Amino acid sequence: LLDKVSELLPKGGLVHGDNFSLLEAMCCLEAMHPKMDSGMKSNEPTTLAEIIEANLLPSDKSLSLPEVIGFMDNLLACEMTCYQGQPIPQTLFTCLYLHRPFELMSVSYIKAFGIATLKTFSIARTVIIRADIYMEEDFVTPPFGF
């Protein structure tokens, strides 16, 4: 029966119940997928030091103008997501350059933008915490080393 049904299912298709939503789909794990299954061992570098050592982080000097604009746009989107209550490690700190901006950013306007982004978020976070105008589920307050 399973073989017959699987022939009707298009490649990448999903069999699910009526109450299965996009939220559940986003929370699913794919077994044996290196990025989804935490039990899978990967030979890829995982720490910033390993990424730098393996030369996997491109120099900001090598970015073209459209790439710089894309970088800045992505960083603004990450900052806005922080203000909407998402944790810093899942937003701003997905940009590896922001982990060590003075060391990893050498182009002056990219470095200024990165540092300004960090400083702006730091000021906004401080104001929100001091004003005590947030609910724990609406704004993540742990600094995560920030």
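All values reported here derive from a predicted model rather than from experimental measurement.

Caption draft 1: Representation of the overall build of the protein in the model. In terms of regular secondary structure, the protein is built from six helices and zero strands. The order of α-helices and β-strands along the protein, N terminus first, is α-α-α-α-α-α. For the protein, buried positions account for 22% of its 146 residues. A total of about 10900 Å² of accessible surface is found on the protein, and carbon and sulfur atoms cover 60% of it.

Caption draft 2: The arrangement of unusual backbone geometry in detail. One non-glycine residue, N55, lies in positive phi territory at about 55 degrees. Mapped onto the secondary structure, N55 falls in the loop between helix 3 (48-53) and helix 4 (65-83). On the basis of relative accessibility, which here comes to 69%, the residue N55 falls in the exposed class.

Caption draft 3: Spatial organisation of the pattern of salt bridges. Tallied over the entire structure, the rule returns one salt bridge. Between E103 and R100 there is a salt bridge, with its nearest N and O atoms 2.9 Å apart. Given a relative accessible area of 55%, E103 falls into the exposed group. Overall, the relative accessible area of 31% leaves R100 in the partly exposed class.

Caption draft 4: Representation of helix 6 (residues 108-131) in the model. If you check helix 6, its first and last C-alpha atoms are 34 Å apart, about what 24 residues at 1.5 Å a residue would give, namely 34 Å. Looking only at helix 6, the buried set comprises I110, G114, T117, L118, F121, A124, R125 and I128. Buried residues along helix 6 sit in contact with helix 4 and helix 5 (101-104). Within two residues after helix 6, D132 carries a phi angle of roughly 55 degrees, on the positive side.

Caption draft 5: A look at the confidence of the model for the protein. Residues of the protein with pLDDT of at least 70 account for 82%, and the chain-wide mean is 83. Here helix 2 (residues 22-27) is the element of the protein with the lowest mean pLDDT, 66, and helix 4 is the one with the highest, 93.

Caption draft 6: Seen up close, the nonpolar core. Residues F71, L92 and L98 are the most contacted members of the largest nonpolar core, which totals 20 residues. Those elements giving two or more residues to this core turn out to be helix 4 and helix 6. For this core, the element with the highest residue contribution is helix 4, accounting for five residues. Sequence-distant contacts of L98, defined by excluding residues within four places in its chain, comprise L75, L92, F93, M105, G114 and L118.

Calculation rules
Residues numbered from 1 in each chain as written. Predicted model: local features only at pLDDT ≥ 70, side-chain atom pairs only at ≥ 80, totals over all residues. Heavy atoms only, no water. Helix = DSSP H or I, 4+ residues; strand = E, 2+ residues; numbered from the N terminus. Buried < 20%, exposed > 50% of the residue type's maximum accessible area, 1.4 Å probe, protein only. Areas by Shrake-Rupley, 256 points an atom, 1.4 Å probe, with all protein chains shown as cover. Salt bridge = Lys/Arg side-chain N within 4 Å of Asp/Glu carboxyl O. Expected span 1.5 Å × (residues − 1). Contact = heavy atoms within 4.5 Å. pLDDT = per-residue confidence, 0-100. Core = buried A, V, L, I, M, F, W, Y, C linked by side-chain atoms within 4.5 Å.

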